[in-house]
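# Secondary and tertiary structure notes
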Amino acid sequence: MALLLLVVRLASPALGPGLLPDVAQDFVTLTISVIVESMPFVLLGIVLSIIVQVWLPQAFFTSWLPRQPLLRRAVISFLGMFLPVCECGNVPLARGLVLKGFTVSESMTFLLAAPILNPITIITTHQAFGWSDGILVARLLGGFLIANLIGWLYSRHPDPESLLTKSFAAECALPTDHAHGGGRVRESVELFRREMSTMMPALFIGAAIAGGIQTAVPRSVLVTLGSNPVWSVLAMMVLAFVISLCSNVDAFFVLPFATTFMPGGIAAFLVFGPIIDVKMLALLRTTYRPKVLAQLTLVVALTSAAIGLVVNFFA
């Protein structure tokens, strides 16, 4: 699919004006841009997941974590400071952590916090907004709050394994003993092949959906809502869901909107987007059941909107 889109995009100038509609050109361009932006981080996430699963000792992460569940998840929230992968790459990495001994709720905490609570995202957000209007603080506190809220909610689930897709639950049930030397190399290659075959179709489908929505929804409609304290928050969340940007660069994308949208809308964009967007839901579908994704979307949307409204109230 990606190859087909690339061929169409490269061939479109040679086709001449009018042979490929502007909407189709926009769709191909936007879809490829999402794939190109996301691909390196997905690959990095897969590589880190292989290192975690195959090359690190079984208790490397779990042995030093606190035993108290709330404190344990709070510490897990900051693992992204040492594993600075954006949300795309965090999906295979979170899968690897489950296979390495994390509970489902603990992996969710990491998955939702790491895209925001990592040094690259913090630095880029500070470069874009500094400390003005509390946007950076709202993003960091919001990411921590949402990740731990979701972790706490699902830690109370009576059957955590039922939250996972059947294929991933079956993978979790496989033995975790690893061979040495050449055996580990072969296992790493097999894991890379397996994760690529799982993640790449989801990424391409998510990118195509995001590109299609962006060509269908005029951004001018969103901009007209920017001055209202409530609608500015909701509009920017919709924009974040549609655009599907990487958390490492989304602050620079949204910076021009700061002149037309209230600070709470910007904060909601920066909190909601790295956790829930079109591309991310497609990737999460490889691991969690549709019911879980619907619940996640609802809770994260309500919490992100509340954070945006609070920022608008105090800004």
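Attention here is on the structure that accompanies the text. (Residues numbered from 1 in each chain as written. Predicted model: local features only at pLDDT ≥ 70, side-chain atom pairs only at ≥ 80, totals over all residues. Heavy atoms only, no water.)

## Points about the environment of lysine 291
- Mapping lysine 291 onto the fold places it in helix 15 (residues 290–314).
- Lysine 291 sits 128 residues away from leucine 163 along the chain, and the two C-alpha atoms are 8.3 Å apart. (Helix = DSSP H or I, 4+ residues; strand = E, 2+ residues; numbered from the N terminus.)

## Some details on empty space enclosed by the protein
- Under the defined criterion, the tally for this structure stands at 3 cavities of 30 Å³ or more.
- Its volume calculated, the second largest cavity comes out at about 50 Å³.
- If you list the elements that add at least two residues to the lining of the second largest cavity, you get helix 4 (87–99) and helix 5 (104–113).
- For the lining of the second largest cavity, the element with the most residues is helix 4, which contributes 4 residues. (1 Å grid on protein atoms, 1.4 Å probe; cavity = no way out; pocket = protein on both sides within 12 Å on 5 of 7 lines; lining within 4 Å. Points joined across faces, edges and corners; volume = space filled by probe spheres on them.)

## Focus on unusual backbone geometry
- Positive phi, close to 60 degrees, is recorded for aspartate 133, a residue that is not glycine.
- Mapped onto the fold, aspartate 133 is located in the loop between helix 6 (119–129) and helix 7 (135–155).
- Judged by relative accessible area, which is 46%, aspartate 133 ranks as partly exposed. (Buried < 20%, exposed > 50% of the residue type's maximum accessible area, 1.4 Å probe, protein only.)

## Describing helix 4
- Compared with the 18 Å implied by 1.5 Å per residue over 13 residues, the 19 Å span of helix 4 between its first and last C-alpha is a close match.
- Here helix 4 lies mainly inside the structure; 13 of its 13 residues are buried.
- Looking at the residues trailing helix 4, positive phi occurs at glycine 101, about 125 degrees. (Expected span 1.5 Å × (residues − 1).)

## So, the side chain of serine 188
- Of note, serine 188 is situated in helix 9 (residues 182–216).
- Take serine 188: its relative accessible area is 11%, and that puts it in the buried class.
- Non-local contacts of serine 188, meaning those with residues more than four positions away in its chain, are made with Ile50, Val54 and Trp55. (Contact = heavy atoms within 4.5 Å.)

## Topic: the environment of tryptophan 152
- Relative to the helices and strands, tryptophan 152 resides in helix 7.
- Residue tryptophan 152 is classed as partly exposed on the basis of its relative accessible area of 36%.
- Distance from tryptophan 152 to methionine 108, taken between C-alpha atoms, is 9.8 Å for residues 44 residues apart in sequence.
- Excluding its chain neighbours within four sequence positions, the residues that come into contact with tryptophan 152 are Leu70 and Arg73.

## Thoughts on the nonpolar core
- Of all hydrophobic cores here, the largest spans 68 residues; its most connected members are Met108, Phe110, Leu111, Ile150, Tyr288 and Leu296.
- No other element matches helix 2 (residues 22–55), which puts 8 residues into this core.
- Every residue in contact with isoleucine 150, bar those within four places of it in the chain, is listed here: Met108, Leu112, Leu296, Val299 and Val300.
- Judged by nonpolar contacts, the second largest core, of 16 residues, contains Ile135, Leu239, Leu245 and Phe269. (Core = buried A, V, L, I, M, F, W, Y, C linked by side-chain atoms within 4.5 Å.)

## Topic: the packing of helix 4 against helix 5
- The contact between helix 4 and helix 5 brings their axes to 9 Å, and the two run at 155 degrees. On the basis of the axis angle, helix 4 is roughly antiparallel to helix 5. At the point where helix 4 passes helix 5, the crossing takes the right-handed sense. Contacts between helix 4 and helix 5 involve Asn90, Val91, Leu93, Ala94, Leu97 and Val98 on the former and, on the latter, Ser107, Phe110 and Leu111.
- When grouped by side-chain class, the residues that make up the contact of helix 4 with helix 5 number 7 nonpolar, 2 polar and no charged. (Axes fitted to C-alpha atoms, helices over the stretch in contact; angles between N-to-C directions. Parallel < 35°, antiparallel > 145°, perpendicular 65-115°, else oblique. Left-handed = near helix turned anticlockwise from the far one by under 90°. Nonpolar A, V, L, I, M, F, W, Y, C, P; charged D, E, K, R; others polar.)

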